[in-house]
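# A structural walkthrough
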Amino acid sequence: QVQLVESGGGLVQPGGSLRLSCAASGFAFSSITMSWYRQPPGKERELVAAVMSFGGSPNYADSVKGRFTISRDNAKNTVYLEMNSLKLEDTAVYYCNAWIRAGGTWNNYWGQGTQVTVSS
């Protein structure tokens, strides 16, 4: 079955860096667009970044452009989110996401999430 397992979250000071990883299994990872979302406390989940299967320029939310970098290693079935110059407002649960088509139906999959807390 499809599994998305995030790791790498933690507590970091403003201006610091973290790298999140999402290990995927149960589907043809290299052919699927992978995304990172986040849900700040008391707010709705929002798209942070996405990287397509065939490469090309990743997409980023305006709030993270120039600070976050999404990348993927198809040999390891893993997608990463490198987060630099972290701000207090980056505090959130970060989720890995994939839309996968099976049997003519698109299904949306989420990981369990990893907490990122930016605090001094």
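In this text the structure is predicted, and so the values were computed from the model without any measurement.

This part covers the sheet that holds strand β8 (residues 78–83). In a beta sheet, neighbouring strands are held together by backbone hydrogen bonds and run either parallel or antiparallel to one another. The strand order across the open sheet built from 4 strands is β1-β3-β8-β7, with neighbouring strands paired in antiparallel fashion. Every other strand in the sheet has two partners, leaving β1 (3–7) and β7 (68–73) as the edge strands with one partner each. Going from strand to strand, the sheet's axes swing by 15° on average, the running direction of each strand aside.

Relative to the assigned elements, threonine 69 resides in strand β7. Take threonine 69: its relative accessible area is 41%, and that puts it in the partly exposed class. C-alpha of threonine 69 to C-alpha of asparagine 84: the two residues are 15 residues apart in sequence and 8.5 Å apart in space.

Let us look at the packing of aromatic side chains. All chains considered together, the criterion is met by 3 aromatic pairs. Relative to tryptophan 110, the ring of tyrosine 37 lies with its centre 4.9 Å away and its plane at 70°, an arrangement referred to as edge-to-face. One end of the pair, tyrosine 37, is in strand β4 (residues 34–39); the other, tryptophan 110, is in strand β10 (residues 105–110), with 73 residues separating them in the sequence. Taking NZ or CZ as reference, arginine 45 lies 4.4 Å from the ring centre of tryptophan 110, over its face. Over the ring of phenylalanine 29 we find arginine 72; its NZ or CZ atom is 4.5 Å from the centre of that ring.

So, how was this worked out
- Starting afresh in each chain, residues are numbered from 1 along the sequence in its written order.
- Under the rules for a predicted model, residues below a pLDDT of 70 receive no local features and side-chain atom pairs below 80 are neither given nor counted, while totals for whole chains, interfaces and linings still include all residues.
- With hydrogens and water set aside, each side-chain value is computed from the structure's full complement of heavy atoms.
- A pair of strands is considered paired only if DSSP assigns at least 2 bridges between the two.
- Under the DSSP-based scheme used, a helix requires at least four consecutive residues in state H or I and a strand at least two consecutive residues in state E, with every element numbered from the N terminus.
- All axes are obtained by fitting lines to C-alpha atoms, using only the stretch in contact for helices, and the reported angles, taken between N-to-C directions, cover 0 to 180 degrees.
- Only protein chains enter the accessibility calculation, which uses a 1.4 Å probe; a residue whose area is less than 20% of its type maximum is buried, one above 50% is exposed, and one in between is partly exposed.
- In summary, the pairing rule links any two rings of Phe, Tyr or Trp, Trp by its six-membered ring, whose centres are within 6.5 Å, and it sorts them by plane angle into stacked for under 30 degrees, edge-to-face for over 60 and tilted for everything else.
- Placement of a positive charge over a ring is assigned whenever Lys NZ or Arg CZ falls within 6 Å of the ring centre and within 35 degrees of the normal to the ring plane.

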